[in-house]
Amino acid sequence: MTTLRYKMLETVLRFTGARNSIAKAVAKGNVPSVAPPMSVRKRWKKSEFQGRDIWTCEPKTGGNGRVYVHQHGGAYVIGLIGLHYAMFTKLADMSGTTVILPDYPLPPEAIADEVIDFANAHFDTVVAQYGAENVKLGGDSAGGNLALAMCQTLTPAHPIILLSPWLDLDMSTVPDDIPNEEVLLEPDGARKAAHQYAGPRDPKDPLISPLFADPETLPQMMIFTGEKDLLYADIVTFSEKAKAAGKLKKLATYGEFGHYWMFYPTPDRESTLVELASILRS
């Protein structure tokens, strides 16, 4: 059961046309990342890698030496937003883990191969600095897609964390007119963003759409998803393949929630944040 606060937030998102954000971003080319909001800005330190910003948040107290590199979502056309910084500031403090948010390049300035190369090269530097045993990797939505693409060429030491991952960028099982309650995703806009990101690659290339990857080549994974997410059916299909290959460490599904719900600043996400904090500190 969702809280009244969650329902009110979804109503606002519907009223403001949030589900059209991706299509609007595609029309502009992309929407760049924003800096951390003032409420948490002092907690985030900015560095640079290959000309891109890297944002790091250390836990307020009791750091455990662990590091979590999180690839942000946004359909590869929207950069970091305030919700990312706010949620991961809280998660850093809850887990005692340092969180790193790379501002990876977006199309049309960079397409899939370049984005993946950047993400892999940056991750390698984090591993070199902190040690593979201390570094975890994950992502949300398109960032989950990127984390899985990275893992087709590198092997992280820990299971990767996937929040509402985007697994079939062509969205071949999601008709444009499918009835749904999703407030953040709209199939046609997402598909256009995906084709811009894929460049000359086939959208069904496993590097672009890990739904079609051989799960034997992927690492252990932990997946969190809402059952009202427009991507839910693909996530279940992918999870079943991963489970059959012995690669699914965890699948957590939540019946009343849509895409990205764990980033909403409502009480509904608290138990999930507690679980994620436990995973990060382990």
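In the block above lies the structure referred to throughout.
Please read all numbers here as calculations on a predicted model, not as lab measurements.

Conventions and cut-offs
Residues numbered from 1 in each chain as written. Predicted model: local features only at pLDDT ≥ 70, side-chain atom pairs only at ≥ 80, totals over all residues. Heavy atoms only, no water. Pairing = 2+ DSSP bridges. Helix = DSSP H or I, 4+ residues; strand = E, 2+ residues; numbered from the N terminus. Axes fitted to C-alpha atoms, helices over the stretch in contact; angles between N-to-C directions. Contact = heavy atoms within 4.5 Å. Parallel < 35°, antiparallel > 145°, perpendicular 65-115°, else oblique. Left-handed = near helix turned anticlockwise from the far one by under 90°. Nonpolar A, V, L, I, M, F, W, Y, C, P; charged D, E, K, R; others polar.

Undergrad: I would appreciate a short explanation of the sheet that holds strand β6 (residues 160-163) in the present structure.
TA: Through backbone hydrogen bonds, the strands of a sheet pair up, either in parallel or in antiparallel fashion. If you walk across this open sheet you meet the 8 strands as β1-β2-β4-β3-β5-β6-β7-β8, and the pairing is mixed. The open sheet has two free edges, formed respectively by β1 (44-49) and β8 (248-254), since each of these has just one partner strand. Taking the axes of each pair of neighbouring strands and ignoring which way they run, one obtains an average angle of 20 degrees across the sheet. Of the pairings in the sheet, the one linking strand β3 (residues 67-71) to strand β5 (residues 135-140) comprises 5 bridges and is parallel in character. Note on β5: the bridge partner recorded for His70 is Gly138. Its contacts with the sheet place helix α7 (residues 232-244) against β6, β7 (221-226) and β8, and it is angled at close to 155 degrees to β7.

Undergrad: Any chance you could explain the packing of helix α3 (residues 82-95) against helix α8 (residues 270-281) here in plain terms?
TA: What describes two packed helices is the angle between their axes and the distance between those same axes. Contact geometry for α3 and α8: axes closest at 8 Å, N-to-C directions at 55 degrees. As the angle between them shows, α3 and α8 are arranged oblique. Of the two elements, α3 crosses α8, and the hand of that crossing is right-handed. Only Glu270, Leu273, Val274, Leu276, Ala277, Leu280 and Arg281 of α8 make contact with α3, whose side of the interface consists of Met87, Lys90, Leu91, Met94 and Ser95. Here the residues of the contact of α3 with α8 are counted per class, giving 8 nonpolar, 1 polar and 3 charged.

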